Each structure stands twice: as structure tokens, then as C-alpha cells.
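Here are the chains, one letter per residue:
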Amino acid sequence: MFTMGLTTFETVAIWAVFGVAILGLAYAVFLRSQILREDKGTAKMQEVWGAIKDGANAYLGSQLKSILPMIGVLTIALFLSVYIVPPSPEAHERFQGMDDNQLKLIIGIARAIAFVMGASFSMTVGQIGMRMAVEGNVRVASASRRSFGDALRIAYRAGTITGMLTDGLGLLGGTVIFIILGIAAPDALLGFGFGGTLLALFMRVGGGIFTKAADVGADLVGKVEAGIPEDDPRNPAVIADLVGDNVGDCAGMAADIFESYEVTIVSGLILGLALHAITGRLEWIIFPLIVRGVGVLSSIIGTYVVKGDTAGKSGNAMAAIFRGFLSSAAISAAMFFIAGFVYLNTPEMNEWGGWWRMPMAVFVGVLLAIAIDRLTEYFTGTHAAPVNDIKKAADTGPATLILNGISVGFESSVWSVLVIAATIVASIFIFGTIPGVDGTAQATFILYGVAMTGIGMLTLTGNNVAMDSFGPIADNANGIGEMSWHGQEDKETKDAKQIMADLDAVGNTTKAITKGVAIGSAVIAAVSLFGSFLVDVSRAQAAAGVPAEAQMQAIGIRVDIPQVFVGMLIGGALPWLFSSFAIQAVSRAASLIVLEVRRQFKLGVLEGKIPPDYKQAVAISTTAAQKELVSLALLGIVTPIAVGLLLKVEALGGFLAGIIISGQMLAVFLNNSGGAWDNAKKLIEDEPKNPAANTGKGSERHKASVVGDTVGDPFKDTAGPALNPMIKVVNLVSVIIAPIVVQYADVAGATQYVIWVVAAALVALLGWAVMRSKAPAPEMMK
């Protein structure tokens, strides 16, 4: 274990954090045993559940085969990347007595292993989390026949399993790397974060395309054309739709938040290392790990208190879930300040502005999570004005409904930006007033504060992921009930259907809230990584002999330099190109599913002449999702490398600034407009069915809302969420490539020609990715 300079308290604290990570995983195992003991319902319910389970497992197996080759290539590339630049001073300090070649070998192996570990952990969180969600959904459907409280408890605790896997594995990986490498850990942590982020991008893109292709196709033909209810068992795309909820919202979102959890700690430790160089104190590195341990403990307590009225047939699920969230927030906030007072209240740390600054920054992050939670619920929840305004717009048709939803998305982006801006300003107030600190050092302190707000924001990751997984679990339970009890109208069935419909509506809001938190955390993490980028570039420039006054941390990134402005323009454009390709993929696949469902309807599926063939829609969605995985991932990996090699490191900094600003606003717009359309549709579906009054399911207003919902589906479940990992992939690649770009900034002769050839090859690879994404699916080329 790394012990250089650690006090006894710090050594005990690190091992305690390791123990808390194990505790989080043990809690997940405990909840799993609880869930699996619950009743799985009737034979018909288990038949539907089995079809969903088989489809989800088949998709994940196919996805794994598609991404393993790229993981292998990138593992080798990350190992070799350390050989291009000199080892860091921290590596020399950690492994004293070793020469540069020995250090490069050790750090290269550590970075490659950490990359594989990050990718494996991210995949584990997504796959096991999804499988537990599938195990939970049929049990929630069964419990709805008993009471609202039982159904809520099972759905939320099944989601909490994924949350605790995210907490436990994220904390375990970062802690183990620090225990082994100590102050040299950031070199490997970059690989750990990149592995988790890349897998999240794969799972987000693939799952998002799968789920929304099936959903859009099922809704357009089933609800709009045939006038049958959602999740009607006669719809050949209904199983693909239910499978998609799991591979998109469970596996994809779990991996997404896991990588945010990783990336915030990576950026915090890199900036903490910079402050260690300034102050000589290790507290800047140790305290973020302590905060993460506190978060796991508070999430365990907060998630367990989420319960409803056990005996009743109705209740307020959102209030119960938010009560658990606030319980965790209050516990963690108190523990932050207690830990800060005990650990940081020393004469040495008080020289740097007092013990309260780090806990205060983390607390601001918790407040940011709550603010985004409330903001997202306002713009997407069924009780607030925006969604009800969209519902009213359905009176005049789909066009006005869509316009209203677009305006809601635009407005929500502005408020989200202001909340995040206020958080960064708070960091300026907290860390920008330390006596005797100014210039470059002051900027590093402030960026460290931003990183700590990101760590604070994701302190309640267990709660956030539980809220997200609750959504698809409730949705699938609703679908299983609809398919299993089709045509039954007894009181028990009606009560059960209403319970599931209520949980499903709350699940839409919790999914939107979690996506809002994920987007906010992506921006904070990206700003923190931007700070890490500045630090690493300046260190590389110092190693290359650049004077301190000419280094990037001293002069900043000047947009009046044409190359920098060009980089910013390219960075601002990339999220739009990425979103365009993701939505095009959904549109193409949905068209194929529409044609397939129409074909089966013509054969007499609706009349019961033949049974629906669910496997065809599952196969179409799977093929469409796999087609886009590699090409969309390459946009995030290759573009920053090409920009750095062609336009130099300053332009790469401008590129990062552009993608952070543009990507954040676009992601919030896509997420909230889609969520608002979805809940407006559900409000209309909950109305009493009255053709004369044009209300309820099957009415013209309902059809207008379905059109809005299908437009919003790829917004909120494909393009919007996938922007989160894409932004962080770009940032991590930039941090990894920046020292190499600096190293070869002023070369000439043969080396310069080699760089140009490499850059040209990368541009050609981008061209291939673009052409592949724009190519029609094979079935559409006939």
C-alpha cells in the first residue's frame, strides 16, 4: 500500500473507505435476496416476463460482441500512450530508484489495467443492474394486486440494487488504484475513467436506439393507426418496447451515472494533486475519497426509508422517493462537515483558508443536485404548468403541442445553465478568497472547488440510480400487467392497473430527474476535466521548457487566436452532429418496425387469426443499435485527437469549451422537451374516455399527444442522454492526448510528416464513421 506521507488517521480513513465500498456491494446483495423472495405472479405474467428477459439478454450479448474489439485496441493504445511522454514527477516520487523506462512500463500497465477495470465495472453495473430490474418488474406487477406500498417498495429496492452497485464498484475501483499507486494514481485513474465512460457511451447509444426504435414503431401503428392501447399483447412490437426500457434506461443509464461517478473523482484527484504540489498537503487528495464513503453510507440509509402505505391502493410515490433523497442529503451534509472538522481543522490546513472550504464546496454540489431535481420535475412533472400547458395545446392538434414542448425544452435549458453557473460562482466565492493565493494558483483552487461540487452532486448516486431504474421497472410492470390481464375488468385488476399506471407516471418523472442530474454532473465533470486539462498541459509545457509565464495556466485560452476559435466552433458543432446521427438511426429503425407491424396486422394479428411474432421487432431494433455503436463512439474518440494534432493544444482547449457549452444546452433541451411530451400524453390517457368531449384514450387529443411523445422519444432516451458520456469521452481523450500534442508541437522534418499522415488517417476514419452512420439499414436498401 502507498503510505508515503500518510498519517495514521489517513491510513485508517482510506481502509475505512475501502470497507464502505464493500458494504455498499453487500447491501446490493442483501436487497437482491429480498427481491427474489417476492411472488412472480401468474403463469401468464411469467410468460410475458420470460420473453422480455430473453430479449434483453440476447441484446446485451450481441452488444458485447460488437464492442470487445475496440476495447482491445484501446487497451493497447493506452498502454503505449505513456511511452510518448516522460513520466510524471509523482511517478518518480512514488517509485523511487526506477529509471524512465521502468516507470513507463509500470504506469503503462497500470493505465491499461485500470481502463479494462473501468470498462468491466461499467459493464457489470449496466448488465447486472438491468437483470435485477427485469427480475423486479414481474414482482412489482404481482405486488400491485395487493397494495400500492408493496409495489412501490419492490420497484424502488430493485432499482437500489443498481444504485449500490454503482456506488460500491465506483468507490472500490478508485480506492484500490489509490492504495496501490498513491500520488501517481491520476495516471491510471485516467484509464479507469475512460474505460467506464466509453462503455457508458456504447450502452447509452445502443440501448437508446433500441428502445426508441421499438417504442416509436409500436406507438405509431398501435395507438395512432390501429387505436389499440399501449402494451396491447396484439402489437408485435410490444415486447421489443419493453426490452428497450431495460437495455436503454436501466443498463444505459446505470453505466452513464457510473462513469460520471468515476470521472468526477478522477478530475478531483488530478486537481488535488496540483494543490498538493502548491501546498505540500495530501488532504486535497484524501478528502474526496472520504466524501465518497460518506455518500455510500447515506444512500444506504436514505434508500431503505422509501416506503408507501402498505395497505392502501393509492399513494404519493414521488413524495416517498423524494423523502428518501432528502434524508440521504441531510445525513451526508452533516457528515461532510463533521469529517471536515475532524480531519481538516489543523494549523497546516488553516493556513490555506480554513477547514470549512472543502465541505462547503461538497455541500454546494448536494444543493445543485436538489436544485436540478426540482427544476427538472417542474418542467417535466404532471402537476406543474409546463406539462399541463402542453396537454392543453393538444386541443388544437399535434403541431401546436410539439411547438409548446419545444418552447418548454428551450426555457428549461436556460434555467439549468443558470443553476450550474451559480454553482461555479459559489466555488469562486469559496476558494477564490484564500489569503495570499492569486494568479494561476487561485484558478487551480477554484477549479478544485468545482470538482468538489461535482463529487458532492454525485454523493447521492445510490439514490439517483435507484430513482432512474424505478422508472423502467414500473413501466415494464405496467406492460406485463396490460399484456397478462388483457380484457379483465374486475375490481382487483382495475385497482392493480391504476397502481401501476400511477407508478409508471412517477417513473417518467424520476427518469427525467435522473437524466437532469446526469447532464448537470456531466457539465460539472467536464469543467473539472477542463481544469485537469489546463494543469496537465502546463505541466507538459514546463517539461518541454516553456517559461512559466507562457504556459496555458498563466495565459489561459484566448479566443482571439483564430485556431482557438476554429476549435471552439468544431467543439460546439460536434454534439449536434452526434445527436443528428443518433436520431436518424432511431428514425430508420422505427420505419422498419412500422412496416413490420403493419405487415403482421394485415395477416390478421388484430383479429386473432395468427399470433404476433415478437422476435422480428426485437431483431430489427438489435441490428439497428449495433450498426451505430462503433461509428458514433469514433466521433467522440477521434475528433479531439485530430483537432489537437492539426490545430495544436490551444485549439484543443477551445474545442473543449465549445463542446461543454453546446452539449449541455442541447442535452437539457432534448431531455426535458421529450419528458414533458411524454407526461402530457399520460395526463390525457388518464382522462375519462369520452368521444363526444374529445378526451381520454383514442381521442384526437390523445393521438396528437402520441405524435408529440414519439417525436420526444429519441430526444429524451437516445440523443439527449448519450451526449453525457460523449462529452466526457471527448474531455478524457483530450486530457490523455494533450501532453503528447505539447511534446510534438514544434517538431519538423520527418516527424512532422508522420503527424500529418496520422492526422489525415484520423480525418479519413471520421469520414468513414459519418458515412456509416448515414447509410441506410440493410433491410431498407431492398
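Residues numbered from 1 in each chain as written. Predicted model: local features only at pLDDT ≥ 70, side-chain atom pairs only at ≥ 80, totals over all residues. Heavy atoms only, no water.

Moving on: the overall build of the protein. For the protein, the helix and strand inventory stands at 21 helices and zero strands. Its C-alpha atoms give the protein a radius of gyration of 26 Å, within 12% of the compact-globule value 28 Å for 782 residues. Looking at the protein alone, contacts between residues at least 24 apart form 86% of all its contacts between residues at least 6 apart. Each charge class in the protein can be summarised by its mean position, and for the 54 positive and 62 negative side chains these summaries are 6 Å apart. (Helix = DSSP H or I, 4+ residues; strand = E, 2+ residues; numbered from the N terminus. Rg over C-alpha atoms; globule rule 2.2 N^0.38 Å. Contact = heavy atoms within 4.5 Å. Lys, Arg positive; Asp, Glu negative; His and termini not counted. Charge placed at Lys NZ, Arg CZ, Asp CG, Glu CD.)

On to the nonpolar core, then. If you look at the biggest cluster of nonpolar residues, it comprises 261 residues, and the most contacted ones within it are Phe194, Trp284, Phe287, Phe431, Leu503, Phe533 and Phe578. When residues of this core are assigned to their parent elements, the largest contribution, 32 residues, is made by helix H19 (residues 614-685). Setting aside residues up to four positions removed in sequence, tryptophan 284 forms contacts with Gly272, Leu275, His276, Thr279, Met349, Trp352, Met358, Phe431, Phe445 and Tyr448. (Core = buried A, V, L, I, M, F, W, Y, C linked by side-chain atoms within 4.5 Å. Buried < 20%, exposed > 50% of the residue type's maximum accessible area, 1.4 Å probe, protein only.)

So, on to the packing of helix H8 (residues 283-304) against helix H11 (residues 357-380). Following both chains from N to C, one finds H8 and H11 inclined at 40°, their axes separated by 11 Å at the closest point. As far as their axial angle goes, H11 and H8 are oblique. Considering the relative orientation of H8 and H11, their crossing is right-handed. The residues of H11 that touch H8, namely those facing Glu283, Trp284, Phe287 and Val291, are Met358, Pro359 and Val362. The class makeup of the residues in the contact of H8 with H11 is six nonpolar, no polar and one charged. (Axes fitted to C-alpha atoms, helices over the stretch in contact; angles between N-to-C directions. Parallel < 35°, antiparallel > 145°, perpendicular 65-115°, else oblique. Left-handed = near helix turned anticlockwise from the far one by under 90°. Nonpolar A, V, L, I, M, F, W, Y, C, P; charged D, E, K, R; others polar.)

What follows is about the pattern of salt bridges. Counting across every chain of the model gives 28 salt bridges. The partner of arginine 146 in a salt bridge is glutamate 38, with the nearest N and O atoms 3.7 Å apart. One end of the pair, arginine 146, is in the loop between helix H4 (100-143) and helix H5 (148-181); the other, glutamate 38, is in the loop between helix H1 (8-36) and helix H2 (43-81), with 108 residues separating them in the sequence. Judged by its relative accessible area of 37%, arginine 146 is partly exposed. A relative accessible area of 19% places glutamate 38 in the buried class. (Salt bridge = Lys/Arg side-chain N within 4 Å of Asp/Glu carboxyl O.)

Now for a nonpolar patch on the surface. Together, Ile76, Leu80, Tyr83, Leu105, Ile109 and Ile113 make up a nonpolar patch on the protein surface, roughly 540 Å² of accessible area in all. Elements with a minimum of two residues in the nonpolar patch: H2 and H4. In terms of residue count, the dominant contributor to the nonpolar patch is H4 (three residues). By the secondary structure assignment, tyrosine 83 is in the loop between H2 and helix H3 (89-94). Judged by relative accessible area, tyrosine 83 falls into the partly exposed class, the value being 33%. (Patch = residues over 30% accessible without salt bridge, like charges linked within 9 Å, V, L, I, M, F, W, Y side chains within 5 Å. Areas by Shrake-Rupley, 256 points an atom, 1.4 Å probe, with all protein chains shown as cover.)

Looking now at empty space enclosed by the protein. According to the stated counting rule, one finds eight cavities of 30 Å³ or more in the structure shown. Its volume calculated, the largest cavity comes out at about 140 Å³. Together, 19 residues line the largest cavity, and Lys212, Asp215, Glu230, Asp475 and Asp678 are the ones closest to its centre. For the lining of the largest cavity, the elements supplying multiple residues, two or more each, are helix H6 (185-225), helix H7 (238-279), helix H16 (491-543), H19 and helix H20 (700-743). In terms of residue class, the lining of the largest cavity is built from no nonpolar, one polar and 18 charged. Ile372, Leu375, Thr376, Phe379, Ser412, Ser416, Gly516, Ile519, Val668, Asn671 and Asn672 are the residues that line the second largest cavity. Elements that contribute at least two residues to the lining of the second largest cavity include exactly H11, helix H13 (398-431), H16 and H19. Sort the elements by how many residues they give to the lining of the second largest cavity and H11 lands first, with four residues. (1 Å grid on protein atoms, 1.4 Å probe; cavity = no way out; pocket = protein on both sides within 12 Å on 5 of 7 lines; lining within 4 Å. Points joined across faces, edges and corners; volume = space filled by probe spheres on them.)

With that out of the way, let us pick up unusual backbone geometry. Across residues other than glycine, the phi torsion is negative in most instances, and most of the peptide bonds are trans. In this model, lysine 648 sits at a positive phi of 80°, which is unusual for a non-glycine residue. Mapped onto the elements, lysine 648 comes out in helix H19.

With that out of the way, let us pick up the packing of H6 against helix H18 (residues 562-602). Running from N to C, H6 and H18 cross one another at 40°; their axes reach a closest spacing of 8 Å. By the angle between their axes, H6 is oblique relative to H18. The crossing of H6 and H18 is right-handed. Within the contact of H6 with H18, the residues separate by chemical class into 19 nonpolar, two polar and three charged.

Enumeration over the complete set of coordinates arrives at 22 aromatic pairs. An aromatic cluster is built from Trp284, Trp352, Phe431, Phe445 and Tyr448, whose rings are joined through pairwise contacts. A cation over a ring is seen here: arginine 157 above tyrosine 304, with NZ or CZ 4.0 Å from the ring centre. The ring of tyrosine 261 has arginine 292 lying over it, and the distance from NZ or CZ to the ring centre is 3.9 Å. (Phe/Tyr/Trp six-rings, centres within 6.5 Å; stacked < 30°, edge-to-face > 60°. Lys NZ or Arg CZ within 6 Å of the ring centre and 35° of its normal.)

Tracing the chain through its elements places glycine 340 in helix H9 (residues 317-344). For the pair glycine 340 and leucine 683, spaced 343 residues apart in the sequence, the C-alpha separation amounts to 47 Å. Excluding residues that lie within four positions of it along the chain, glycine 340 makes contacts with Phe287, Asn345, Trp355 and Pro359.

Examined against the element boundaries, glutamine 63 turns out to sit in helix H2. Engagement of the side chain of glutamine 63 in a polar contact is seen with the backbone oxygen of phenylalanine 202, the distance being 3.5 Å. (Polar contact = N/O pair within 3.5 Å; in protein donor to acceptor, adjacent residues only side chain to side chain.)

This part takes up helix H14 (residues 439-457). Between the first and last C-alpha of H14 there are 27 Å, a value that for 19 residues agrees with the 27 Å anticipated at 1.5 Å per step. Most of H14 is tucked away: 14 of the 19 residues are buried. (Expected span 1.5 Å × (residues − 1).)

Here we take up the environment of glutamate 628. Within the secondary structure, glutamate 628 sits in helix H19. Spatially, the C-alpha atom of glutamate 628 lies 28 Å from that of glutamate 230, the residues being 398 residues apart in sequence. Not counting chain neighbours up to four residues away, the residues in contact with glutamate 628 comprise Ile209, Ala585, Arg588 and Ser773.

As for its placement among the helices and strands, leucine 269 is situated in helix H7. Linking leucine 269 and tryptophan 284, residues 15 residues apart in sequence, is a C-alpha distance of 7.7 Å. Setting aside residues up to four positions removed in sequence, leucine 269 forms contacts with Pro186, Leu189 and Ile285.

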